[in-house]
Amino acid sequence: MTPYRPFSADHRSIGINYLLLALCAVTIGTLLSLFMRIHIIAPFLRLPFFGVVPPEGYLALVTMHGTLMVFFVLTSAPVNGFASLVLPSQIGARSMALPRLNAVSFWLTTLSLAVLLAAFFVPGGAPISGWTNYPPLSGIAAAGPGQATGMDLWLISIGIFCIASVLHAVCLLTTIWTRRCAGMFWARLPLTVWSWLTTAVLMFFAFSVLLAAVVLLLSDRHFGTGFFIPKGEVINGMMYDRLHPHADGSPMLWLHLFWFFGHPEVYIAILPAMGLATSLLANFLRRPPVSYRFMVATTLAIGAFGLMVWGHHMFVSGMNPYAGTVFGLMTMAIAVPSSGKALGWFAMLFQGRETRIRPLPSPMLFILGFLSFFVSGGLTGPILAQPVLDAYLHNTYFVVGHFHLIMAMAGVFALFAAVYYWFPLMTGRLMNDRLGKWHFWLSLLGAYGTFFPMYDAGLAGLPRHYAQLTGSTSTVASMLRLQTGITHSALLLASAQLLFLVNLFWSARRGAIAPENPWQATTLEWTASDLKECQVSHSPYEYRFDGNALSPVMQCSFQQKQE
Amino acid sequence: MPVLGAFIIKTIWWMPPDGSLHGPAADGLLWFNLVVLGLLLLLAQALLIFVFLRRTHPNNLSERGPKGSKGLFSSTHAKKLLWRYELLPLIALTLLYTGLAIAAQRLWAANRFQGASPQALQVEVTGVQFQWYFRYPGPDAVFGSTRAELVNAPAGNPLGLDPADARGQDDIVSSVLVLPAGREVDLGIRSLDVIHGFFVPGMRVKQNAVPGMEMHIHFTPTIPGDYPILCSQICGSGHARMQTHLRVVPEAEYKTWLSQHGRKRAAE
Ligand code: HEM
Ligand SMILES: [Cu+2]
Ligand SMILES: [Cu+2]
């Protein structure tokens, strides 16, 4: 194993860099979410760092929380981090095709994170328009505190992030295309690689469009263009056009550009998790997926449809209602390959070899947790795909519950599984399984307690982004008890992560030394030997049995030339 | 059965009671969705728990059968599994999703594809950070023109009504929405500054208010009562405060309310 050299262009080191970056981001993002949760139920409580949070402070927290989590956690870790760490060895390559580009994209991402966090420290503070930043709120500095310098920093940060992500996508695509070793035909790629391939294509298109959108918005803010701001705009009772003459634009353009990025983005976050789930299930159940082709086909279908359903975020935004129909039907269509994936996993579970490992090791537990969240978050997707129902549920807590279960919790549980599973590749050691189990069960409990009741709050009509549960109407005030319960669960959920941190740092130094192939896997990242004369001769998940003894067949066969 | 359904909808249901004509059909569909998908959810979680708890006999490799370890890789066996566990259930789910989509799209089309009937009551809704304004056209049934440069809330002209326009003289501007029960209303929804979300949970109505454009939605309130109006699109620091009320009243009471407000305006 190559030593960890953070400033090199070595792909493993860059992978670890990305994961450490994501760890920082997730730590901050989680703290911010706790501040939000506490603020909702106790608006006048004094919080560390922030003091008494004003309403715009809550919105700044939401915006930064969402941005950190979506970009710097769920994009940086599963795609950039783990792909850098294991993708080259999984396809039998010794390095990325463009190692320098890989390094450049990591350092740009770091710069982008620094710029984003700087928004907390400028006058006015961080932006308050949510991670979607709809104009004119995001287009005009006078629209609210945080919308001046804070908003500029957000846009610059995300612009840099887009460049880094497009570069990384190019790097992944080139590597998969050109660096597969002898015998690694398309039909022998591990399913994780198919996922990363699809994800990279989505990243390439989605982040290019977001970059364009961000540049246009910056130009509206500073160069007097009018892409997103209509004529006759009044802000704070003043005619905006008088001081800032501009052409006639429409915020709807931003919505389309943003969601053209935003929807693929959720697949960027979850596709690698899907590939991981299939691979780990195969490994721990000692059986291949029921149909490899079915798994590949559903991955590709999700990727392809994923680019065509962005309008489901816009049913009641002012979009033509006929467009709502088309996007509603397209979205329903994407539920089919997604359900297919879930069925594929359940089929594996039912047909698993009875010799699978007992008791289940922590990575497997986290994959089961991923499955559980994938179903409980995913099944509300078809509800939100029906425009007439979304017209009630849009922008309520129902949606917050939906995306936290399917994207945040499923995504994060898959990340945990990946960390527990691939930890030996980073440190040569295993993580502590006991602590891992405690971490799993407490997190599962906390996550369900936090996000499932949000469905109820949404059905009751509570809109999201509400800093306080006060006001003249009964709907909002009646939610206090439910929200208090949610906050307590969130505290449990966040505290459980301390176990993970302890486990991580302790195991990195003191964990049990890992054997060469600790999980008896069959994919190439577990062959420690030099991959120079690697010749792949097997499909990725062959778990055979000699009598009753498991004999996994490594994809590459340089030990057993006789076959 | 329908009675039981109605009972469940009215009692254990978390949603606020519906007061609109189009609401019950959408609620019924939502209820059906929640029950069917909820059952699927429970089924899936039960299977996961079952898999987790399943007792294993380390040496019982039953599925390998007489063909030994080849079983898993033999193509007929795999094909059988593919159909049994993946394709057939997937076809069933696809049919379910298709059914849901068709039912939902029919309701959507009924609510949104056509505009309001010409007799519908016209009311203009305007969102401004962090207030809703409702404008009624008055006896002449025509709205006066507004101009952005005339907007001046402290001087009592939050919408920028043009004083030179005679059609606007009788317009009524209110901060609560009062509607007569049983009459269709056509709301023209706009915003002066940023995007707001006009959300009336009790009417099952939501539509964003986007500056630069006017969106129309229409519905018929049926049950008199007080219904919260909320802002559902993040619009700045006062977003959570941007609440007001819809009062649905009998026709006669509505007439009185209108004439009182009209007179107040005239007296100014
Ligand atoms: C401890 C775990 C977490 C808690 C307690 C939590 C809580 C919250 C809360 C309270 C909101 C604001 C809802 C609103 O007012 O609209 C929110 C928004 C959001 N969260 Fe989380 N969250 C957690 C983890 C995550 C993770 C892991 C992700 C990764 C995808 C995530 C992504 C988001 C996004 C995208 C938003 C929307 C932000 C916006 O609207 O601008 N959250 N979260
Ligand atoms: Cu989407
Ligand atoms: Cu608002």
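Parameters and conventions
Residues numbered from 1 in each chain as written. Chains lettered and ligands numbered in written order. Predicted model: local features only at pLDDT ≥ 70, side-chain atom pairs only at ≥ 80, totals over all residues. Heavy atoms only, no water. Core = buried A, V, L, I, M, F, W, Y, C linked by side-chain atoms within 4.5 Å. Buried < 20%, exposed > 50% of the residue type's maximum accessible area, 1.4 Å probe, protein only. Helix = DSSP H or I, 4+ residues; strand = E, 2+ residues; numbered from the N terminus. Domains from an automatic or database assignment. Contact = heavy atoms within 4.5 Å. Donors = N, O, S within 2.8 Å, 3.2 Å for Na, K, Ca; no water. Tetrahedral: all angles 85-135°; square planar, octahedral: opposite > 155°, others 65-115°. Patch = residues over 30% accessible without salt bridge, like charges linked within 9 Å, V, L, I, M, F, W, Y side chains within 5 Å. Areas by Shrake-Rupley, 256 points an atom, 1.4 Å probe, with all protein chains shown as cover. Salt bridge = Lys/Arg side-chain N within 4 Å of Asp/Glu carboxyl O. Pairing = 2+ DSSP bridges. Axes fitted to C-alpha atoms, helices over the stretch in contact; angles between N-to-C directions. Buried area = accessible area lost by both parts, 1.4 Å probe. Polar contact = N/O pair within 3.5 Å; in protein donor to acceptor, adjacent residues only side chain to side chain. Near = heavy atom within 4 Å. Nonpolar A, V, L, I, M, F, W, Y, C, P; charged D, E, K, R; others polar. Parallel < 35°, antiparallel > 145°, perpendicular 65-115°, else oblique. Left-handed = near helix turned anticlockwise from the far one by under 90°.

Asks: I'm lost on the nonpolar core in this one. Help?
Replies: Membership of the largest hydrophobic core comes to 263 residues, with the highest contact counts inside it found for A:Trp345, A:Phe370, A:Trp422 and B:Phe198. By residue number, the principal contributor to this core is helix 14 (residues 397-427) of chain A, which donates 24 residues. Structurally, this core is a two-domain feature, drawing no fewer than three residues from each of domain 1 (2-113) and domain 2 (121-267) of chain B. Other than its neighbours up to four places away in sequence, A:Trp345 contacts A:Met274, A:Ala277, A:Thr278, A:Leu281, A:Met295, A:Phe370, A:Leu371 and A:Phe374.

Asks: Whenever I open this one, the coordination of the copper ion (ligand 3) confuses me. Can you help?
Replies: Six octahedral donors around a metal ideally sit at 90 or 180 degrees from one another, while four tetrahedral donors ideally sit at 109.5 degrees. Residue and element names in this part refer to chain B. Of the protein atoms, only Cys231 (SG), Gln233 (O), Cys235 (SG) and His239 (ND1) coordinate the copper ion (ligand 3), at distances of 2.1 to 2.7 Å. Viewed at the metal, the four donor atoms of the copper ion (ligand 3) are separated by angles of 85 to 130°, and the geometry they form is tetrahedral. Mapped onto the sequence, the residues coordinating the copper ion (ligand 3) show the spacing C-x1-Q-x1-C-x3-H. Accessibility expressed as a relative area gives 3% for Gln233, which makes it buried.

Asks: Just to check I follow, could you spell out a nonpolar patch on the surface for this structure?
Replies: On the surface, B:Trp83, B:Leu88, B:Ile91 and B:Leu95 cluster together to form a nonpolar patch covering roughly 430 Å² of accessible area. Inspection of the secondary structure puts B:Leu88 in helix 3 (residues 75-112).

Asks: Help me understand the pattern of salt bridges, please; the structure alone is not making it clear to me.
Replies: Side chains bearing opposite charge may pair, as long as their charged atoms lie close to each other. Scanning all chains against the criterion turns up twelve salt bridges over all chains. Its salt-bridge partner being A:Arg221, residue A:Asp152 comes within 2.8 Å of it at the nearest N-O pair. Here the residue A:Asp152 occupies a position in helix 5 (residues 149-178), and A:Arg221 occupies one in helix 6 (residues 191-222), the gap between them amounting to 69 residues. The burial state of A:Asp152 is the same as that of A:Arg221; both residues are buried. Between B:Arg147 and B:Asp162 there is a salt bridge, with its nearest N and O atoms 3.6 Å apart. Here B:Arg147, found in the loop between strand 2 (131-136) and strand 3 (172-174), pairs with B:Asp162, found in the loop between strand 2 and strand 3; they are 15 residues apart in sequence, far enough to count as distant. What emerges from the salt-bridge pattern is a single network uniting B:Glu124, B:Arg135, B:Asp171 and B:Arg190.

Asks: So what exactly am I meant to see when it comes to the sheet that holds strand 10 (residues 244-249) of chain B here?
Replies: Backbone-to-backbone hydrogen bonds pair the strands of a sheet. The strands run either parallel or antiparallel. Residues and elements named next belong to chain B. The five strands are arranged 4-10-9-6-7 in an open sheet whose pairing can be described as mixed. Here the strands that pair on one side only, and so sit at the sheet edges, are strand 4 (177-180) and strand 7 (205-209). In this sheet, neighbouring strand axes are inclined to one another by 20° on average, regardless of whether the strands run parallel or antiparallel. In this structure, strand 6 (residues 196-200) lies alongside strand 9 (residues 225-231), joined through two bridges in antiparallel fashion. Pairing of Phe198 across the sheet is with Cys231, part of strand 9.

Asks: Please explain the interface of chain B and chain A as it appears in this structure.
Replies: Tallying the contact residues gives 86 residues for chain B and 108 residues for chain A. For the pair chain B and chain A, the two sides together bury roughly 8400 Å², of which 67% comes from carbon and sulfur. If you sort the residues of chain B by the area they bury against chain A, B:Trp14, B:Trp108 and B:Ile234 come out on top, with a joint share of 8%. Linking chain B to chain A there are zero salt bridges. Here chain B is connected to chain A by 20 residue pairs in polar contact (both at pLDDT 80 or more). Of all elements in the fold, only helix 2 (23-53), helix 3, strand 7, strand 9 and strand 10 of chain B reach the threshold of two or more residues within the side of chain B that touches chain A. A total of 19 residues in the side of chain B that touches chain A trace back to one element, the largest contributor, which is helix 3 of chain B.

Asks: Explain the environment of B:Asp18 to me, please; I cannot follow it from the model alone.
Replies: Residue and element names in this part refer to chain B. Here Asp18 is to be found in the loop between helix 1 (2-11) and helix 2. Along the chain, Asp18 and Arg204 lie 186 residues apart, while their C-alpha atoms are 7.2 Å from each other. If near-sequence neighbours (up to four positions away) are discounted, Asp18 is found in contact with Gly23, Pro24, Asp27, Gly202, Arg204 and Ile223. In terms of polar contacts, Asp18 uses its side chain to reach the side chain of Ser20, at 3.0 Å.

Asks: Where do I start with the sheet that holds strand 3 of chain B in this structure?
Replies: Residues and elements named next belong to chain B. Strand order in the open sheet formed by five strands is 3-2-1-5-8, with mixed pairing between adjacent strands. Both edges of this open sheet fall to strand 3 and strand 8 (215-219), since each of them pairs with a single strand only. When the angles between neighbouring strand axes are averaged without regard to direction, this sheet yields 25°. As defined by bridge partners, strand 1 (residues 121-128) adjoins strand 5 (residues 185-191) across seven bridges and the pair is classed as parallel. Within the sheet, the bridge partner assigned to Glu124 lies in strand 5 and is Gly188.

Asks: What should I look at first to understand the coordination of the copper ion (ligand 2) in this one?
Replies: Residues and elements named next belong to chain A. Looking at the copper ion (ligand 2), one finds its protein donor set to be His263 (ND1), His312 (NE2) and His313 (NE2), positioned 1.6 to 2.0 Å from the metal centre. Of note, the donors binding the copper ion (ligand 2) are all from one chain and are spaced H-x48-H-H. One end of the pair, His263, is in helix 8 (residues 251-285); the other, His312, is in the loop between helix 9 (292-306) and helix 10 (321-350), and 49 residues separate them in sequence. Pair check on accessibility: His263 and His312 agree, each one buried.

Asks: Teacher, can you tell me more about the site of ligand 1 here?
Replies: Residues and elements named next belong to chain A. As a matter of local geometry, ligand 1 sits amid 24 residues, with His65, Trp131, His404, Arg464 and His465 nearest to it. One of the side-chain N or O atoms of His404 is found 2.8 Å from a nitrogen atom in ligand 1. Between ligand 1 and His465 there is a distance of 2.7 Å, counted from an oxygen atom to a side-chain nitrogen or oxygen. Looking at the shell around ligand 1 residue by residue, the class counts come to 15 nonpolar, seven polar and two charged.

Asks: Sorry, what's going on with the side chain of B:His239 here?
Replies: Mapped onto the fold, B:His239 is located in the loop between strand 9 and strand 10. On the basis of relative accessibility, which here comes to 0%, the residue B:His239 falls in the buried class. If sequence neighbours within four positions are ignored, B:His239 has contacts with A:Arg464, A:His465, A:Tyr466, B:Phe130, B:Cys231, B:Ser232, B:Gln233 and B:Ile234.

Asks: What should I look at first to understand the pairing of strand 5 (residues 542-546) of chain A in this one?
Replies: Side-chain direction in a regular strand flips from residue to residue, so the side chains alternate between the two faces of the sheet. Residues and elements named next belong to chain A. Of the pairings in the sheet, the one linking strand 5 to strand 6 (residues 549-553) comprises five bridges and is antiparallel in character. In the sheet register, Asp546 faces strand 6, and the bridge partner there is Ala549. Hairpin remark: strand 5 followed by strand 6, antiparallel, with two residues in the connecting loop; positive phi at Gly547, about 60°.

Asks: What's the story with the packing of helix 10 of chain A against helix 2 of chain B in this structure? I'm lost.
Replies: What describes two packed helices is the angle between their axes and the distance between those same axes. The geometry of helix 10 of chain A relative to helix 2 of chain B is characterised by a closest axis approach of 10 Å and an angle of 30° between their N-to-C directions. In terms of their interaxial angle, helix 10 of chain A and helix 2 of chain B are classed as roughly parallel. Helix 10 of chain A and helix 2 of chain B meet at a crossing whose hand is left-handed. Contacts from A:Phe346, A:Leu349 and A:Phe350 of helix 10 of chain A reach helix 2 of chain B at B:Ala44, B:Leu47, B:Leu48, B:Phe50 and B:Val51. Looking at side-chain class alone, the contact of helix 10 of chain A with helix 2 of chain B contains eight nonpolar, no polar and no charged residues.

Interpretation in functional terms is not warranted from these geometric data alone.
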